[in-house]
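Tertiary structure, described
Below are the chains, spelled out letter by letter.
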Amino acid sequence: MRIERINIYTTALPVKGGVYRMASDNVESLDSTLVEIVTNDGLTGWGETCPIGPVYQPHHALGARAAIAEIAPGLIGSEIASIRLLAKRMDERLNGHGYAKAAFDMAFLDLLGQRLAVPVSTLLGGALTDRVPAYYSLIVGSPEETARIAADKVKAGYPRLQVKIGGRDLEEDVATVHKVWEAVGYKARIAVDGNRGLTVASAIHLDRLCQAIPFVFEQPCNTMDEVATLKGRVTHPVYLDENTEDQNAVLRAISLGIADGFGFKVTRLGGLTKMTTVRDLCAIRSLPHSCDDAWGGDIIAAACVHLAATVEPRRMEGAWIAQEYIDGHFDQKNPVVIEKGHIAVPQRPGLGVKPEPGMLGKPVATY
Ligand code: 0XW
Ligand code: MG
């Protein structure tokens, strides 16, 4: 099975409700890039990369497409058999830019799964479950409104909530965390996500002012060095998200003992194959983590869910997919959907999802 053609598509994913508010940025519409690999035996494999704007992490949609343009011509004619060989070929075309390579990695696995008639979760080591927990991300909002939505989402079946804070007065952040806790208590696990927006001083204050509330503190400060200074000074477990820019960053955080868990993004870490390495490193130290991406449609959602199914359930912090914040699906017959706060793992060969023919319009590039 050889790569005959690669088509690149773009599509806008507007935010349902108008705006997605985080400490680091407010976004209204996301620019997703899809890779379709067509093989000589007529199979198609899909990949996707969709940074949540250019500020959230050091990746952006135009950067993804520029990187894809460097890589794609060098893949034409390649055999889809060894994922490692294909990764090497990509590295020979371009240094770094894992978030663009991630889209190809997804498409390779999608093709290999279809060829071998197994779901991608099998290629990632094997699923431990056929249904993974999701979590709901509560954007930065007033304490009352955030608590109201939190209670609704717990009623709808979400086992975990992520409360966004930062970019405003400490008082409002503290009140929001308290109100959410009063509204949901032990009925859901809570992560409080600063999205890099807090100073070390504010993180310490928030920790003390919310002492008795059992939450995990996600990416409170901007850099890994700032987060490292929290060790021993805060009582809540600290998770890293945005700072895990590649596998080496994860290895560094684990070996320094500065992270009690992680919010992982599949494309930021360089794709599903690279994610299996950090998944296994986390397993060695019993570290919990999520299997998310910054944003994306059904292709990214399927990738996150296949991976999440391979994580030991006690350490699985959920798979976040953008469904609650976008309208519609790429795949209307087999969409990836959240039901009662959980997501069924696709059982069809490969990723198990395909954009409806023609829905993405004409490719923006073909190789
Ligand atoms: C909740 N997320 C997974 C979606 C947005 O991209 C931000 C992200 C996070 O945890 O920071
Ligand atoms: Mg986060």
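Residues numbered from 1 in each chain as written. Chains lettered and ligands numbered in written order. Predicted model: local features only at pLDDT ≥ 70, side-chain atom pairs only at ≥ 80, totals over all residues. Heavy atoms only, no water.

Comments concerning the overall build of the protein chain
Looking only at helices and strands, the protein chain has eleven helices and 16 strands in total. Taking 367 residues into account, the globule formula puts the C-alpha radius of gyration at 21 Å, and the protein chain, at 20 Å, falls close to it. The buried share of the protein chain, taken over its 367 residues, is 57%. Summed over its atoms, the accessible surface of the protein chain is roughly 14,300 Å², and 52% of this surface lies on carbon and sulfur atoms. The positive charge centre, built from 38 side chains, and the negative charge centre, built from 43, are 4 Å apart in the protein chain. (Helix = DSSP H or I, 4+ residues; strand = E, 2+ residues; numbered from the N terminus. Rg over C-alpha atoms; globule rule 2.2 N^0.38 Å. Buried < 20%, exposed > 50% of the residue type's maximum accessible area, 1.4 Å probe, protein only. Areas by Shrake-Rupley, 256 points an atom, 1.4 Å probe, with all protein chains shown as cover. Lys, Arg positive; Asp, Glu negative; His and termini not counted. Charge placed at Lys NZ, Arg CZ, Asp CG, Glu CD.)

As for the coordination of the magnesium ion (ligand 2)
Around the magnesium ion (ligand 2), the protein contributes the donor atoms D193 (OD), E218 (OE) and D241 (OD), at 2.0 to 2.2 Å from the metal centre. In primary-sequence terms, the residues that donate to the magnesium ion (ligand 2) follow D-x24-E-x22-D. Separated by 23 residues along the polypeptide, E218 in strand β10 (residues 215–218) and D241 in the loop between β11 (238–240) and α9 (247–256) bring together distant segments of the chain. The residues E218 and D241 share a single accessibility class, namely buried. (Donors = N, O, S within 2.8 Å, 3.2 Å for Na, K, Ca; no water.)

Points about the site of ligand 1
What surrounds ligand 1 is a group of 17 residues, the closest being Y56, Q162, K164, N195 and A294. At a separation of 2.8 Å, an oxygen atom of ligand 1 approaches a polar side-chain atom of Y56. In isolation ligand 1 exposes 300 Å². Once the protein is present, 100% of that is buried. A molecule is said to occupy a pocket when more than half its atoms come within 2 Å of that pocket's grid points, and by this definition ligand 1 occupies the largest cavity. (Near = heavy atom within 4 Å. Polar contact = N/O pair within 3.5 Å; in protein donor to acceptor, adjacent residues only side chain to side chain. 1 Å grid on protein atoms, 1.4 Å probe; cavity = no way out; pocket = protein on both sides within 12 Å on 5 of 7 lines; lining within 4 Å. Sits in = over half its atoms within 2 Å of the grid points.)

Structural notes on the layout of surface pockets
There is about 580 Å³ of room inside the largest pocket. For the lining of the largest pocket, the secondary structure elements donating two or more residues are α2 (83–93), α3 (98–116), α9 and α10 (272–284). Broken down by element, the lining of the largest pocket gets its largest block of residues, six residues, from α2. Among the residues making up the lining of the largest pocket, the classes are represented as seven nonpolar, ten polar and nine charged. (Points joined across faces, edges and corners; volume = space filled by probe spheres on them. Nonpolar A, V, L, I, M, F, W, Y, C, P; charged D, E, K, R; others polar.)

Remarks on unusual backbone geometry
At H97, a residue that is not glycine, the phi angle is positive and equals roughly 60°. Of note, H97 is situated in the loop between α2 and α3. A residue is classified by how much of its surface remains accessible, and H97, at 38% relative accessible area, is partly exposed. Backbone geometry at S286 places phi at a positive 55°, although glycine is not the residue there.

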